[in-house]
Amino acid sequence: MIELDYINKIREKFPVTQNLIYFDHAAVAPIHIDSVNAVNEYLSDLIKYGDRHYKNWFNKSEEIRKGMAEFINADADEIAYIKNTSQGISIVANGLDFQSGDNVVLPDIEFPANVYPWMGLEKKGVKVKLVESINGQVPVERIAEAIDINTRVVSVSSVEFSSGYRNDLRSIGSLCISKSEEYGRKIFFNVDAIQSLGALKIDVKDLQIDFLSADGHKWFLTPEGAGIFYCNRKYLNYLFPSSLGWKSVKDPLCFTSINFELHESARKFEEGSLNMMGIVALGASLNLFNSVGMEKIERKILYLTRLALEALKKRGYIIIGSVADSHRSGIISFKAPGAIEDIYKHFIDNNIQLSLRGGNLRISPHFYNTEEEIAKFISLLR
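Residues numbered from 1 in each chain as written. Predicted model: local features only at pLDDT ≥ 70, side-chain atom pairs only at ≥ 80, totals over all residues. Heavy atoms only, no water.

Here we look at helix H8 (residues 276-292)
Along its 17 residues, H8 runs 25 Å from first to last C-alpha, staying within 8% of the 24 Å computed at 1.5 Å per residue. Burial analysis of H8 places 13 of its 17 residues in the buried class, the great majority of the element. Backbone geometry just after H8 places Gly293 at a positive phi near 105°. (Helix = DSSP H or I, 4+ residues; strand = E, 2+ residues; numbered from the N terminus. Expected span 1.5 Å × (residues − 1). Buried < 20%, exposed > 50% of the residue type's maximum accessible area, 1.4 Å probe, protein only.)

This is how it looks when you write it as structure tokens:
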């Protein structure tokens, strides 16, 4: 657990705590003072000196790239900056050489960012196979049953947005490998990690993930418009960039000589100028998370959601998803008796920020939230 005096210092970095009990990090998160300071430093330099110090900021972005790679146990050349999760998933969907008759397997409760890019392949004769969930849960056995010799990709969220169900990524990664060996063709494992990056520890090598995408505006506590895409080095040549530009090539600063040699790293997916403000904000959050430690952050989040979960169960509320520790995350979705809109407004009027998703209420506290805030939430339960 994070010590009380330390968490109080952390909370000083989050002015939102002076106005709201913020339990909505699975939607759009508030940013912290460190991110604001990092962005202001960049803007101050830009307004005073224009591009004179461009090289310094480029080097800064490369340091952050390396740090983000280490954060998920990857290498820097396996990381590309993206504007959002949809872009990262689209890089895979439009970059792999799909053939008519191929299929993609994904749960039927995925956020649309992990659905529409695959549906866009139907014009090529690619089938999208939806795995039926059970009360917001995705049994690995059902994913296994859906995979066949024509499967090219299994794509899941690390955490399902609507139920908070934490998918068994290790088992799914192993499943993709065993099925690849069985059918004699590679079945890629793609992960939408936006609901866990910054909340739960991720190790792409240990989980045998081939591709991963995540924007930073949820649990990573940064403004919208900046995130990361991971591509296992072994499969960089399997993906051809669907969007190309001056930065896709090995020597992007050689403007007067055309030499179409793509980067041999994930940088080939960065076709043009990057969102430097967003990247420095990612760096600020990265420093914050590393200073606390992801093990402590994950433990604190799961502790807070356990408190809320036990109170909801005790009062007879119906939990969506799983209550098993192995499948819990920072998200709790639950059904409330009565007019759901009125109950939602009841919390909002009492300055508790949460979400209404698919007729269910959803809370998603972060590590800087407190037991007292959970107690306030519980006291407002009808």
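Points about the packing of helix H3 (residues 54-71) against H8
Between H3 and H8, whose axes approach to 9 Å, the crossing angle comes to 45°. One way to sum up the angle between H3 and H8 is to call them oblique. In terms of crossing hand, the pair formed by H3 and H8 is left-handed. Between H3, through Trp57, Phe58, Ser61, Ile64, Gly67, Met68 and Phe71, and H8, the contact on the second element is made entirely by Met276, Ile279, Val280, Gly283, Leu286, Phe289 and Asn290. Class assignment for the residues of the contact of H3 with H8 results in 10 nonpolar, 4 polar and no charged. (Axes fitted to C-alpha atoms, helices over the stretch in contact; angles between N-to-C directions. Parallel < 35°, antiparallel > 145°, perpendicular 65-115°, else oblique. Left-handed = near helix turned anticlockwise from the far one by under 90°. Contact = heavy atoms within 4.5 Å. Nonpolar A, V, L, I, M, F, W, Y, C, P; charged D, E, K, R; others polar.)

Focus: H3
Because each turn of an α-helix spans 3.6 residues, side chains separated by three or four positions in sequence point in the same direction. With 18 residues, H3 should cover 26 Å at 1.5 Å per step; its first-to-last C-alpha distance of 25 Å lies within 8% of that length. Residues of H3 that are buried: Trp57, Ser61, Glu62, Ile64, Arg65, Gly67, Met68, Ala69 and Phe71. On the buried face of H3, the contacting elements are helix H2 (33-49), strand E2 (79-82), strand E8 (227-231), H8 and helix H9 (294-314). Just downstream of H3 lies Asn73, where phi reads positive at about 60°.

A short note on the sheet that holds strand E9 (residues 318-320)
The sheet built from 4 strands is open, its strands ordered E9-E10-E13-E12 with antiparallel pairing. The sheet terminates laterally at E9 and strand E12 (355-357), the two strands that pair on one side only. For this sheet the average axis-to-axis angle between neighbouring strands, irrespective of direction, equals 35°. As defined by bridge partners, E9 adjoins strand E10 (residues 332-335) across 3 bridges and the pair is classed as antiparallel. Paired with Ile318 across the bridge in E10 is Lys335. (Pairing = 2+ DSSP bridges.)

So, the side chain of Asp215
Examined against the element boundaries, Asp215 turns out to sit in strand E7 (residues 211-215). Buried within the structure, Asp215 lacks any salt-bridge partner; Lys218 is the closest side chain of opposite charge, at an N-O distance of 7.8 Å. Polar contacts involving the side chain of Asp215 include one to the main-chain amide nitrogen of Ala226, which spans 3.4 Å. If we skip the residues at most four places from it in the chain, Asp215 touches Lys83, Asn84, Thr85, Ile194, Gly225, Ala226 and Gly227. (Lys, Arg positive; Asp, Glu negative; His and termini not counted. Salt bridge = Lys/Arg side-chain N within 4 Å of Asp/Glu carboxyl O. Polar contact = N/O pair within 3.5 Å; in protein donor to acceptor, adjacent residues only side chain to side chain.)

Digging into the side chain of Asn103
You can see Asn103 is positioned in strand E3 (residues 103-107). Asn103 gets classed as buried once you look at its relative accessible area, which sits at 3%. Apart from residues no more than four positions distant in its own chain, Asn103 is found in contact with Val126, Lys127, Lys129, Asp148, Asn150, Thr151, Arg152 and Val153.

A word on a nonpolar patch on the surface
Taken together, the side chains of Tyr54, Phe58, Trp246, Leu253 and Phe255 present a nonpolar region at the surface, about 550 Å² in accessible area. Counting through the fold element by element, Phe255 comes out in the loop between E8 and H8. Residue class for Phe255 comes out exposed when judged on its relative accessible area of 59%. (Patch = residues over 30% accessible without salt bridge, like charges linked within 9 Å, V, L, I, M, F, W, Y side chains within 5 Å. Areas by Shrake-Rupley, 256 points an atom, 1.4 Å probe, with all protein chains shown as cover.)

Considering the nonpolar core
Counting residues in hydrophobic clusters, the biggest one holds 63 residues, and the most contacted among them are Ile72, Ile143, Val154, Leu197 and Phe367. If one sorts the elements of this core by residue count, H8 sits on top with 6 residues. (Core = buried A, V, L, I, M, F, W, Y, C linked by side-chain atoms within 4.5 Å.)

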